[in-house]
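Summary of the model geometry
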Amino acid sequence: DAQLAQLTTTLTLSADQQAKIKPILAAEAKKIADLRAATPADPDMRTKMTAIRTDDHAAIKALLTADQATKYDAMPAGGGGRRGGGGGAPPAPPQ
């Protein structure tokens, strides 16, 4: 519900959009929890979790207006948009 609240605030979701996005977020959380419980030492877990999140990101984005979708893509990991790290240069080593 916290993620839905953040999306609602950031993207100004309508009540209809909230009603459609809430079950997507709930299903994503369940899939990830089930994956963690079933295979805690699975070396492919990160790949599987990324696939789940990518699918759900696309499902949510399909419910948004063009302006909302642009904002959603710009959101940091955890709230939508690009998930996971990566990109940019590594931090400089200490002097």
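This one's a predicted model, so the numbers in the text were calculated from it and none came from an experiment. (Residues numbered from 1 in each chain as written. Predicted model: local features only at pLDDT ≥ 70, side-chain atom pairs only at ≥ 80, totals over all residues. Heavy atoms only, no water.)

1. As for the overall build of the protein chain
Each helix and strand counted, the protein chain has four helices and zero strands in total. Ordered by position from the N terminus, the helices and strands of the protein chain form the series α-α-α-α. Across the 95 residues in the protein chain, those meeting the buried criterion constitute 27%. Counting every atom, the protein chain has about 6,200 Å² of accessible surface; 60% of that belongs to carbon and sulfur. (Helix = DSSP H or I, 4+ residues; strand = E, 2+ residues; numbered from the N terminus. Buried < 20%, exposed > 50% of the residue type's maximum accessible area, 1.4 Å probe, protein only. Areas by Shrake-Rupley, 256 points an atom, 1.4 Å probe, with all protein chains shown as cover.)

2. Some details on the environment of Gln3
Looking at where Gln3 falls in the secondary structure, it is placed in helix α1 (residues 2-11). On a C-alpha basis, the gap between Gln3 and Lys22 in space is 9.1 Å, while along the polypeptide they are 19 residues apart.

3. A few points about the packing of helix α3 (residues 45-61) against helix α4 (residues 66-74)
It is the contact of α3 with α4, at a shortest axis distance of 10 Å, that shows an interaxial angle of 155 degrees. Considering their axes alone, α3 and α4 lie roughly antiparallel with respect to each other. Together, His57, Ile60 and Lys61 of α3 and Ala69, Tyr72 and Asp73 of α4 make up the contact between the two elements. (Axes fitted to C-alpha atoms, helices over the stretch in contact; angles between N-to-C directions. Parallel < 35°, antiparallel > 145°, perpendicular 65-115°, else oblique. Contact = heavy atoms within 4.5 Å.)

4. What about the nonpolar core?
Leu4, Leu7, Leu11, Leu13, Ile21, Ile24, Leu25, Ile60, Leu64, Ala69, Tyr72 and Met75 together form the largest nonpolar core, which totals twelve residues. Among the secondary structure elements, those contributing two or more residues to this core are α1, α2 (15-38) and α4. The contact partners of Ile21, leaving out residues within four places of it in the chain, are Leu4, Leu7, Leu13, Ile60, Leu63 and Leu64. In this structure, Ile32, Leu35, Met45 and Ile52 belong to the second largest nonpolar core, which totals five residues. (Core = buried A, V, L, I, M, F, W, Y, C linked by side-chain atoms within 4.5 Å.)

5. With respect to unusual backbone geometry
Most peptide bonds take the trans form, and the phi angle of most residues other than glycine is negative. With a phi close to 55 degrees, Thr12 is a non-glycine residue in the positive phi region. Secondary-structure assignment places Thr12 in the loop between α1 and α2.

6. Here's the deal with the confidence of the model for the protein chain
Averaged over all residues, the pLDDT of the protein chain equals 83, while 80% of them reach at least 70. Taken as a whole, residues 80-89 scores under 50 in pLDDT and shows 20 contacts with residues more than four places along the chain or in a different chain. (pLDDT = per-residue confidence, 0-100.)

7. Comments concerning α3
Look at α3: 24 Å from first C-alpha to last across 17 residues, which is about the 24 Å you get at 1.5 Å a residue. The set of residues buried in α3 consists of Met45, Met49, Ile52, Asp56, His57 and Ile60. The buried residues of α3 all sit within an arc of 135 degrees when viewed along its axis, so they share a single face. Facing away from the buried side of α3 by more than 90 degrees, the exposed set consists of Thr47 and Asp55. Where α3 is buried, its residues meet α2 and α4. (Expected span 1.5 Å × (residues − 1). Arc of directions from axis to C-beta.)

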